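Residue-level listing of the chains:
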Number of protein chains: 8
Amino acid sequence: MAEKPLVGIIIGSDSDLEVMRRAAATLEELQVPYELRLASAHRTPEKVRAYAEEAAPRGIQVLICAAGLAAHLAGTVAAHTDLPVIGVPMAGGVADGLDALLSTVQMPSGVPVGTVAVGRAGATNAALLAARIIALRDEAVRGRLAQYRRKMQDAVEAKDTELGT
Amino acid sequence: MAEKPLVGIIIGSDSDLEVMRRAAATLEELQVPYELRLASAHRTPEKVRAYAEEAAPRGIQVLICAAGLAAHLAGTVAAHTDLPVIGVPMAGGVADGLDALLSTVQMPSGVPVGTVAVGRAGATNAALLAARIIALRDEAVRGRLAQYRRKMQDAVEAKDTELGT
Amino acid sequence: MAEKPLVGIIIGSDSDLEVMRRAAATLEELQVPYELRLASAHRTPEKVRAYAEEAAPRGIQVLICAAGLAAHLAGTVAAHTDLPVIGVPMAGGVADGLDALLSTVQMPSGVPVGTVAVGRAGATNAALLAARIIALRDEAVRGRLAQYRRKMQDAVEAKDTELGT
Amino acid sequence: MAEKPLVGIIIGSDSDLEVMRRAAATLEELQVPYELRLASAHRTPEKVRAYAEEAAPRGIQVLICAAGLAAHLAGTVAAHTDLPVIGVPMAGGVADGLDALLSTVQMPSGVPVGTVAVGRAGATNAALLAARIIALRDEAVRGRLAQYRRKMQDAVEAKDTELGT
Amino acid sequence: MAEKPLVGIIIGSDSDLEVMRRAAATLEELQVPYELRLASAHRTPEKVRAYAEEAAPRGIQVLICAAGLAAHLAGTVAAHTDLPVIGVPMAGGVADGLDALLSTVQMPSGVPVGTVAVGRAGATNAALLAARIIALRDEAVRGRLAQYRRKMQDAVEAKDTELGT
Amino acid sequence: MAEKPLVGIIIGSDSDLEVMRRAAATLEELQVPYELRLASAHRTPEKVRAYAEEAAPRGIQVLICAAGLAAHLAGTVAAHTDLPVIGVPMAGGVADGLDALLSTVQMPSGVPVGTVAVGRAGATNAALLAARIIALRDEAVRGRLAQYRRKMQDAVEAKDTELGT
Amino acid sequence: MAEKPLVGIIIGSDSDLEVMRRAAATLEELQVPYELRLASAHRTPEKVRAYAEEAAPRGIQVLICAAGLAAHLAGTVAAHTDLPVIGVPMAGGVADGLDALLSTVQMPSGVPVGTVAVGRAGATNAALLAARIIALRDEAVRGRLAQYRRKMQDAVEAKDTELGT
Amino acid sequence: MAEKPLVGIIIGSDSDLEVMRRAAATLEELQVPYELRLASAHRTPEKVRAYAEEAAPRGIQVLICAAGLAAHLAGTVAAHTDLPVIGVPMAGGVADGLDALLSTVQMPSGVPVGTVAVGRAGATNAALLAARIIALRDEAVRGRLAQYRRKMQDAVEAKDTELGT
């Protein structure tokens, strides 16, 4: 994306890429500029720290972090910035994502992570939540969110009509 | 609070009040104006709908919703507004809060809820996450968040020193 | 079905359709007139509200609601009607249906949902439970339920005999 | 109660009595005649069978069964009658009620049990669900259910007003 | 088997047959005469009761009961006999066998069921446990159990040797 | 007890003693001679091995093993004897007994442990299951088991009568 | 302790202190010099990093990290050192320690944490595991471990004898 | 391997072999000599005991034990040696590895097992943890661990660069 990114998406492993393409696609649909990066809280802790600390100065407004298993990425990022951080737990652990969900959501008092559902639905919703935050001071994004909602409702109506015939 | 509220805290039952006082206290410490309301997604669905729809026009920027058991409050609110919604799951169900966590966080693709931890830590962090969102365009709140972080670090240092002696 | 429906089956997503065809098939076998509709508690909350409020005036006597993940559909419907509501949890969430089960069954005191098992067995049993309710004032349905039970017992006997040879 | 009972409440152990008094109290408030009995699926299987088989001929219309642990009571009753059966799981097992919930709700295809939440909220809601079924052909009960709902809403409004001051 | 059966294996559904063939095969290997029957606690409660009551008079000494989901079969059988009852939980429910395990093992005080693992390992071990009981007064079976153990140890040694090369 | 013990109860820790007194009391009520011993699979593995190997030669017919946490006691005993082994899981681990239950019941194919419920109900039922095994060749115990069942039924009847007044 | 510490115990919160005193007491009993420090992976990430990086140069040989909830402490430490790291999960989260256990143990491939049980038993065993590592090149510690084991066995024997009387 | 082994890897069943090849491959990459053996805590308890007791005299310094289901192998080994023992839980039980994890990690106070994640990541990390212990007195292994870490970081950087293009 040519524009300066407002949202930073970080994935902890390239196995998370396919799922998180959903977040990217949703931000594109809403025309919210973003960047997509890979960094691991355990394998490259310095890289995560540097990225989190430089995000606000670089103009990033919301951070979306995806990780599975022990899933420390979102928490580590939130420990190094005061930007709002959204965590997307990934499936793959012994409790098939519930473990990553608990690791992501149960932050100690003082360091918040807003967590969404495991996997695909979570990836899309992380992007929408970021867009809702951006929309607080961007009327164009606000308009696109309203449109997104209407399209979603029309899709339900269309399927219901199909059933009824 | 005299000032026009920027954050709306909604609780689904008065049994959630004590825990959610933490969110209120944290917002007060950060001087973010808020309001605290009670409405039930199941017992007063119209009240919830009206509140959610009127929140943005009234100037509210972030909604914090606390509920236990089936825990539909945050999801129902998110279905009726495009503001960012933060869900705080409450303990009390058969899985002692894990149930409310799953009900709150597992929203279908299209309607996001940023979820925090169950109970007290979650209540404080919901307020901090709301403040991080408000701080994106409010330098004073940004400054108070930095101060909050420093106080937190000083407290850890003080306790560590105490141990060492 | 030509006859005025006595049972309304609502699904929250078209991915629930295949499983819920079981409920429809069972009602057909028992000759209980029904209708099948699609509406989402989160994507089309107004549609759900309108449907629930108009169900009783339209002559519907029992509502069967199927949803997965946060699974708010049955609860939202029960909040807008005094008809008996039966919830069918769908698999697909992080806890593979257990999450939807807990979201559906753990209604707060005052707004009841009678919940059945996750998935296919639940879909069939939701229809049978609806039929048991209808049968309270419909002798023909009562007779067909008795016949259904006998067929079920004969099937077990036939299989046991097969084993024994 | 002097009147012929329409609802039969059965408890599997006298330790369930205190919780199930809620179901009884709710039926009394709605003026639905009921009876309360103790019988164990494992300790007195013949008693359970006889009770279930005689319920319909005696004019009972809905059965509410409360049990914990392996929680076979509702299922055993449903196996011996075609009346609608509502199961109330009790806490106390190794999974603190979740076990009884799964034992109660996961009936095989063909023998339905409509299950409500574990414990107190479930006991109240079992009574309300029974009343919703009775109300299908009893206008007086229907009126009392509407009144119950209004009282519930007024209570929420009153508490919200209290908060706001 | 021509000989009078000492062990009765009962399955709750023909979908349990493949797994329970393991129990049968193990009893055959140990030359313990058995019979294999199908009866459902919910669909054919009378059949289960009759079978359980007649087992001891017919010379059966141990009963093995396999069931999934609500898994009431072993408990129902144990309620109608004083013979030792072994329960084999089957996978297939929302908690993939853990539900059936809890339904089977959590019998109320007074009516015991000795439970083994879910599925294949459980089926084999149910047969071995039955054989250990029979062996208390049958020296030939005792000898075959000792032989079974030695074969098992030899198999481990053979595989270890293979690794080491 | 003066008589030669037929049942050996082994506890893994003295914290299990209070619960397992139930097993002892039940065996006393049924006049089945037993002994109660303490040995730990992890702290005194040799003692456990020796006890298990000597049990059959000493005339013991059934072994009851109680342990919590990793709960290896029953499995270790079953690995060193061909007597029937009954495992009683104890609460106290992170999953409050469910962990001990899974450790006890999930034996690999070839080494069976008949498992009962966690805690008190399990302790009583372990004794009753042992007595059912002993009763296969002891008519007096068989008679006492029948009497135990009648007392249990009478107690339910008495409580039901009390309710009805 | 006057001697240069070989083991570093780090706790993430002062609420973990009481439990972790067990680890300290065990190391004292075995005369393994240690230090006890407080640092939070989320509140003071720089302090944790610095401590982990300086541990090896300072002569520390094993690190024991105790944390609850999201429980990132052990993982963060292991990301900044090549010393062996032992994690002790603390109770207190929504899944009462199971969450902290999964957060601690499920490290991604490449960054190992050896995890022990939740709470007190885990604290003692973390110290014993550290001592087993130290003992590989310290004969005196090896001797004290053997003595510790004998005392443990004697305690079991003493309690068993007490039972038998 | 020609060299005298420093690490002993024991698997409880040949079905664990494929996963544990990862541990072996990692030790080879770090040039830490090891041996791989098969022994079952339940099927060949004597073999396990002998192996554990002879490990230290034979020069083994760390033991890695892999087992699923009841997963007693690591605990049994730790009961017979004072060497550091690392447990690798295997998937396959009713709770898909979570059961084996709890069986392995929840050792009673006094007998420690350092546990790693279930399956492949756990197998690799068990080897790395063993190498971190060996490295305490082997500078060459220490150097190879540092190199391993750098390779891991370079791999993350390479993938991140790929994303960014």
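Here, the structure is the one placed above.
Residue numbers run consecutively from 1 along every chain, following the written order of its sequence. Here every chain gets a letter starting at A, and every ligand a number starting at 1, in the order they are written. In keeping with the model being predicted, local features are shown solely for residues with a pLDDT of at least 70 and side-chain atom pairs are shown and tallied solely at 80 or more, while totals for entire chains, interfaces and linings include all residues. Side-chain numbers come from the whole structure's heavy atoms, not from hydrogens or water.

Enquirer: So what's going on with the overall build of chain A? Residues and values would help.
Expert: The helix count covers DSSP runs of H or I at least four residues long, the strand count covers runs of E at least two residues long, and both are numbered beginning at the N terminus. Along the backbone of chain A there are 6 helices and 5 strands. If you list the helices and strands of chain A from N to C, you get β-α-β-α-β-α-β-α-β-α-α. Relative to its length of 165 residues, chain A is compact, with a C-alpha radius of gyration of 16 Å against a globular reference of 15 Å. Dimensions of chain A along its principal axes, counting C-alpha atoms only, are 55 × 40 × 30 Å. Throughout, exposure labels follow a simple rule: accessible area from a 1.4 Å probe, protein chains only, divided by the maximum for the residue type, with under 20% read as buried, over 50% as exposed, and the rest as partly exposed. Across the 165 residues of chain A, 67% fall into the buried class. In chain A, the proportion of contacts linking residues at least 24 apart, taken out of those at least 6 apart, comes to 66%. The atom set for the radius of gyration is the C-alpha atoms, and the globule formula is 2.2 Å times the number of residues raised to the power 0.38. The contact definition used throughout considers only heavy atoms, calling two residues in contact when any of these lie within 4.5 Å.

Enquirer: Tell me about the interface of chain C and chain A, and please be specific about residues and values.
Expert: Each side of the interface is counted separately: chain C has 12 residues, and chain A has 11 residues. In this description, buried area is defined as the sum, over both parts, of the accessible area (probe of 1.4 Å) that is lost when the two are combined. In total, chain C and chain A occlude about 1100 Å² of area from one another, counting both sides; carbon and sulfur atoms represent 67% of this. On the chain C side of the interface with chain A, the three residues burying the most area are Leu 38, Arg 43 and Val 94 of chain C, jointly 51% of the side's total. Note on definitions: salt bridges are taken to be side-chain nitrogens of Lys or Arg within 4 Å of carboxyl oxygens of Asp or Glu. In this assembly, chain C and chain A are joined by 4 salt bridges. Any pair of N or O atoms that falls within 3.5 Å is considered a polar contact. Within protein, one atom must be able to donate a hydrogen and the other to accept it, and sequence-neighbouring residues count only if both atoms are side-chain atoms. Linking chain C with chain A are 6 residue pairs in polar contact (both at pLDDT 80 or more), by the criterion used here. Residue contributions to the side of chain C that touches chain A peak at 3 residues, all from strand β2 (residues 34-38) of chain C. Gly is placed with the polar residues, together with every amino acid not listed as nonpolar (Ala, Val, Leu, Ile, Met, Phe, Trp, Tyr, Cys and Pro) or charged (Asp, Glu, Lys and Arg). Residue composition of the side of chain C that touches chain A, by class: 6 nonpolar, 2 polar and 4 charged.

Enquirer: If you had to explain the side chain of Ser 103 of chain B to someone new, which residues and values would you point to?
Expert: Here Ser 103 of chain B lies in helix α4 (residues 98-105). Polar side-chain contacts of Ser 103 of chain B include one of 2.3 Å to the side chain of Ser 103 of chain C. Discounting residues that sit within four places of it in the chain, Ser 103 of chain B has contacts with Leu 69, Ala 70 and Ala 71 of chain B together with Ala 70, His 72 and Ser 103 of chain C.

Enquirer: Before we move on, could you go through the interface of chain E and chain F and cite the residues and values that matter?
Expert: Taken together, the contact between chain E and chain F spans 39 residues of the former and 39 residues of the latter. Between chain E and chain F the total buried area reaches about 3200 Å² when both faces are included, carbon and sulfur atoms providing 59% of it. Considering only the surface of chain E that becomes buried against chain F, Asp 82, Arg 132 and Leu 136 of chain E emerge as the three largest contributors, covering 22% of it. For the pair chain E and chain F, the interface holds 4 salt bridges. With a closest N to O distance of 2.8 Å, Arg 149 of chain F and Asp 82 of chain E form a salt bridge. Secondary-structure elements contributing two or more residues to the side of chain E that touches chain F are α4 (98-105), β5 (114-115), α5 (120-135) and α6 (139-164) of chain E. Per-element tally for the side of chain E that touches chain F: the top contributor is α5 of chain E, with 7 residues.

Enquirer: Go over the environment of Arg 142 of chain B with me, naming the residues and quoting the values.
Expert: Its place among the elements puts Arg 142 of chain B in helix α6 (residues 139-164). Arg 142 of chain B has contacts with Ala 135 and Leu 136 of chain B, leaving out every residue within four places of it along the chain.

Enquirer: Lay out the relation of the copies chain E and chain F with the relevant residues and their values.
Expert: Residues below a pLDDT of 70 in either copy are left out; the C-alpha atoms of the rest, at least 70 in both, set the least-squares superposition of the copies. When chain E is fitted to chain F, the residual RMSD is 0.0 Å, and the transformation amounts to a turn of 180° plus an axial shift of 0.0 Å. Look at the turn and shift together and you get a two-fold axis relating the two. Of all interface residues in chain E, 100% are interface residues in chain F too; the two copies therefore contact each other through one and the same surface.

Enquirer: Please give an account of unusual backbone geometry that cites residues and values.
Expert: Leave glycine aside and you will find that most residues have negative phi; peptide bonds, for their part, are mostly trans. Phi at Gln 31 of chain D is positive, roughly 55°, even though this residue is not glycine. The phi torsion at Ala 71 of chain H lies on the positive side, around 50°, for a residue other than glycine. Of note, Ala 71 of chain H is situated in the loop between β3 (62-67) and α3 (73-78).

Enquirer: Which residues make up the relation of the copies chain C and chain A, and what values do they have?
Expert: Least-squares fitting of chain C to chain A yields an RMSD of 0.0 Å, with the transformation described by 0.0 Å of translation along the axis and a rotation of 90°. In symmetry terms, the pair is related by a four-fold rotation axis. When C-alpha positions in chain C are compared against the rotation axis, the closest is assigned to Ala 95 of chain C, at 6.0 Å.

Enquirer: Describe in detail the pattern of salt bridges, supporting the description with residues and values.
Expert: Inspection of the entire model under this criterion finds 96 salt bridges over all chains. Between Lys 159 of chain D and Asp 14 of chain B there is a salt bridge, and its shortest N-O distance comes to 3.4 Å. You can see Lys 159 of chain D sitting in helix α6 (residues 139-164) and its partner Asp 14 of chain B sitting in the loop between β1 (7-11) and α1 (17-29), one on each of two chains. Between Arg 49 of chain D and Glu 46 of chain D there is a salt bridge; the shortest N-O distance is 2.8 Å. Pair noted here: Arg 49 of chain D and Glu 46 of chain D are both in helix α2 (residues 45-55), with a separation of 3 residues, about one helical turn. Salt bridges sharing partners connect three or more residues here, namely Glu 46, Arg 49 and Glu 53 of chain A together with Glu 46, Arg 49 and Glu 53 of chain G.

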